[in-house]
Amino acid sequence: MFGQNLEVQLSSARTEDTTVVWKSFHDSITLIVLSSEEGTSELRLERLLQMVFGAMVLLLGLEELTNISNVERLKKELRASYRLIDSFLADSELIGDLTQCVDCVVPPEGSLLQEALSGFAEAAGTAFVSLVVSGRVVAATESWWRLGTPEAVLLPWLVGSLPPQAARDYPVYLPHGSPTVPHRLLTLTLLPGLELCLLCGPRPPLSQLDPQLLERWWQPMLEPLKACLPLGPRALPAGFPLHTDILGLLLLHLELKRCLFTVEPSGDKDPSPEQRRCLLRSFYTLVTAMHFPPEPGQQEEKVEDAAHQAQVPRACYLVSGTEEPGTGWRLVALQLGPRRLLLLLSAQSPSHGLRSLATHTLHALTPLL
């Protein structure tokens with residue numbers, strides 16, 4: 001506030017052991033986040049604030065946040081967003097809060113599920129339908145994929161954060177597409193952990209989605225649906241060929257705003273899944289803030305010098321751990337076109353072969369995303 005009075009923009013600060021980031025939204029709400037976690041970057045905290053405000057708009061609407069007539073009433077209404085916001089602060093298996101891309105999985109029979117999903121959407125009378133397992137999108141209609149940021153990330157995350165329920169009729173606002181007019185998010189549990197999500201207006205009523213309609217479209221898909229259940233943390237179909245040195249991966253399609261994230265490969269090796277997620281998240285913030293060109297839709301400064309743009313790196317790696325030969329986990333990032341791949345590799349993986357391994361892995365994953 002002191003800086004604003006002097007026409008100085010200040011968005012973050014650091015003490016010896018704490019990073020503080022703040023952001024004002026629509027000249028109405030100011031959010032502040034403090035983190036004492038070692039190595040926390042401003043990029044991560046800035047995106048956390050964007051997700052938190054997006055969650056508030058998703059569940060309350062922009063009008064309630066910009067035209068505040070009763071602060072105490074707003075405090076009570078904001079409680080509806082606490083569960084979703086808390087899930088951003090927890091050690092989540094998702095990464096869309098950081099990448100701003102939709103967490104996805106690759107089902108083994110995706111074409112069959114896509115066909116059933118499109119037929120069901122037409123029968124139900126809405127163009128916005130998706131299948132979600134543990135907060136990750138399995139399949140979706142074209143209209144659902146065209147949802148803007150941040151609702152494309154927030155809606156499946158919201159579904160994954162709610163307690164299990166056979167059916168829901170949930171009012172939501174779309175922070176990008178419809179921040180002042182509410183829509184309805186209908187969810188139907190097909191199998192435990194696997195939910196059918198519909199985004200619609202006043203119609204259809206939840207009662208119209210009767211068991212006969214669900215049975216007609218999804219009973220023949222029972223086995224493909226069951227095959228989706230273990231995909232939550234794994235993301236990739238069982239048996240997908242990955243090099244044995246790979247301990248975790250993050251694949252982003254920066255134009256489609258979708259990502260695959262897993263730390264399941266070689267699950268019997270160190271480090272733990274929690275440490276793997278932490279390493280990949282930290283590496284993502286590093287390469288995004290320091291090495292790779294700005295992502296589509298971001299507000300970073302444009303690179304005007306063509307010669308400098310040609311020198312932007314397309315690959316980088318680092319070793320995490322001790323400096324002794326043959327120790328320390330390897331992290332490598334590679335960008336080709338709209339795709340960016342980050343790999344966490346075991347200490348046995350030779351440094352001179354990292355780019356080759358990453359290139360081969362990216363080519364293998366390209367048909368999936």
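Residues numbered from 1 in each chain as written. Predicted model: local features only at pLDDT ≥ 70, side-chain atom pairs only at ≥ 80, totals over all residues. Heavy atoms only, no water.

## A word on the sheet that holds strand 6 (residues 136-140)
How we decide: Strands were regarded as paired on the criterion that DSSP finds at least two bridges between them. Starting at the N terminus, helices and strands are each numbered in turn, a helix being any DSSP run of H or I of at least four residues and a strand any DSSP run of E of at least two. All axes here are fitted lines through C-alpha atoms, helices being fitted over the stretch that makes contact, and every angle between N-to-C directions spans 0 to 180 degrees. The contact definition used throughout considers only heavy atoms, calling two residues in contact when any of these lie within 4.5 Å.
Spatially, 5 strands are ordered 6-5-9-8-7 in an open sheet, and the strand pairing comes out antiparallel. One side of each edge strand has no neighbouring strand; the edge strands of this open sheet are strand 6 and strand 7 (167-174). Here the average twist between neighbouring strands, direction ignored, is 30°. Relative to strand 9 (residues 194-200), strand 8 (residues 178-191) is paired through 7 bridges, and the arrangement is antiparallel. For Arg 184, the partnering residue across the bridge sits in strand 9 and is Cys 200. On top of the sheet, helix 7 (residues 110-124) reaches strand 5 (128-133), strand 6 and strand 9; it is set at about 135° to strand 5, its chief contact.

## Regarding the pattern of salt bridges
Side-chain pairs of opposite charge can arise whenever the charged atoms involved come near each other. Which entries qualify depends on this criterion: In what follows, salt bridge is the name for a side-chain nitrogen of Lys or Arg lying within 4 Å of a carboxyl oxygen of Asp or Glu. Between buried and exposed lies partly exposed: a residue is buried under 20% and exposed over 50% of the maximum accessible area for its type, with that area taken using a 1.4 Å probe on protein chains only.
For the structure on display, the rule yields 13 salt bridges. Across the pair Arg 146 and Glu 142 runs a salt bridge, and its minimum N-O distance is 3.8 Å. Taking the relative accessible area as the measure of exposure, Glu 142 reaches 61% and is therefore exposed. With a closest N to O distance of 2.7 Å, Glu 195 and Arg 168 form a salt bridge. Taken together, the positions of Glu 195 in strand 9 and Arg 168 in strand 7 put the pair 27 residues apart, joining distant regions of the chain. The exposure class of Glu 195 is buried, given its relative accessible area of 10%. Residues participating in the shared-partner salt-bridge network are Glu 64, Arg 73 and Glu 77.

## Description of the pairing of strand 7
Across 7 bridges, strand 7 lies against strand 8 in antiparallel orientation. Along strand 8, the bridge assignment pairs Asp 169 with Leu 186. Connecting strand 7 to the next strand, strand 8, in antiparallel fashion are 3 residues.

## Remarks on the packing of helix 7 against helix 10 (residues 211-218)
Which entries qualify depends on this criterion: Orientation is classified from the angle alone, with under 35 degrees giving roughly parallel, over 145 giving roughly antiparallel, 65 to 115 giving roughly perpendicular, and any other angle giving oblique. Handedness of a crossing is defined here by the sense of rotation of the near helix relative to the far one, left-handed for an anticlockwise turn of less than a right angle and right-handed for a clockwise turn. All residues other than Ala, Val, Leu, Ile, Met, Phe, Trp, Tyr, Cys, Pro, Asp, Glu, Lys and Arg, Gly among them, are scored as polar; the first ten of these are nonpolar and the last four charged.
Across the interface, helix 7 lies against helix 10 with an axial gap of 9 Å and an inter-helix angle of 150°. Considering the angle they form, helix 7 stands roughly antiparallel to helix 10. For the crossing formed where helix 7 meets helix 10, the hand is right-handed. Contacts between helix 7 and helix 10 involve Leu 113, Ala 116, Leu 117, Gly 119, Phe 120 and Ala 123 from the first element and Leu 213, Leu 214, Trp 217 and Trp 218 from the second. For the contact of helix 7 with helix 10, the class distribution of residues is 9 nonpolar, 1 polar and no charged.

## Some details on the pairing of strand 13 (residues 329-336)
Working note: regular strand, side chains alternate between the two faces of the sheet. Summarising burial for strand 13: 6 of the 8 residues are buried, a large majority. Of the strand pairs in this sheet, strand 13 and strand 14 (residues 339-345) are connected by 7 bridges, and their pairing is antiparallel. Residue Leu 336 lies in a different strand from strand 14, and its bridge partner there is Arg 339. Hairpin remark: strand 13 followed by strand 14, antiparallel, with 2 residues in the connecting loop; positive phi at Gly 337, about 60°.

## Focus on the sheet that holds strand 14
In space, the 6 strands of this open sheet follow the order 4-11-10-14-13-12, with mixed pairing throughout. The open sheet has two edge strands, strand 4 (102-103) and strand 12 (315-320), and neither has a second partner. With 6 bridges connecting them, strand 12 and strand 13 associate as antiparallel partners. What sits directly across from Leu 318, in strand 13, is Leu 331.

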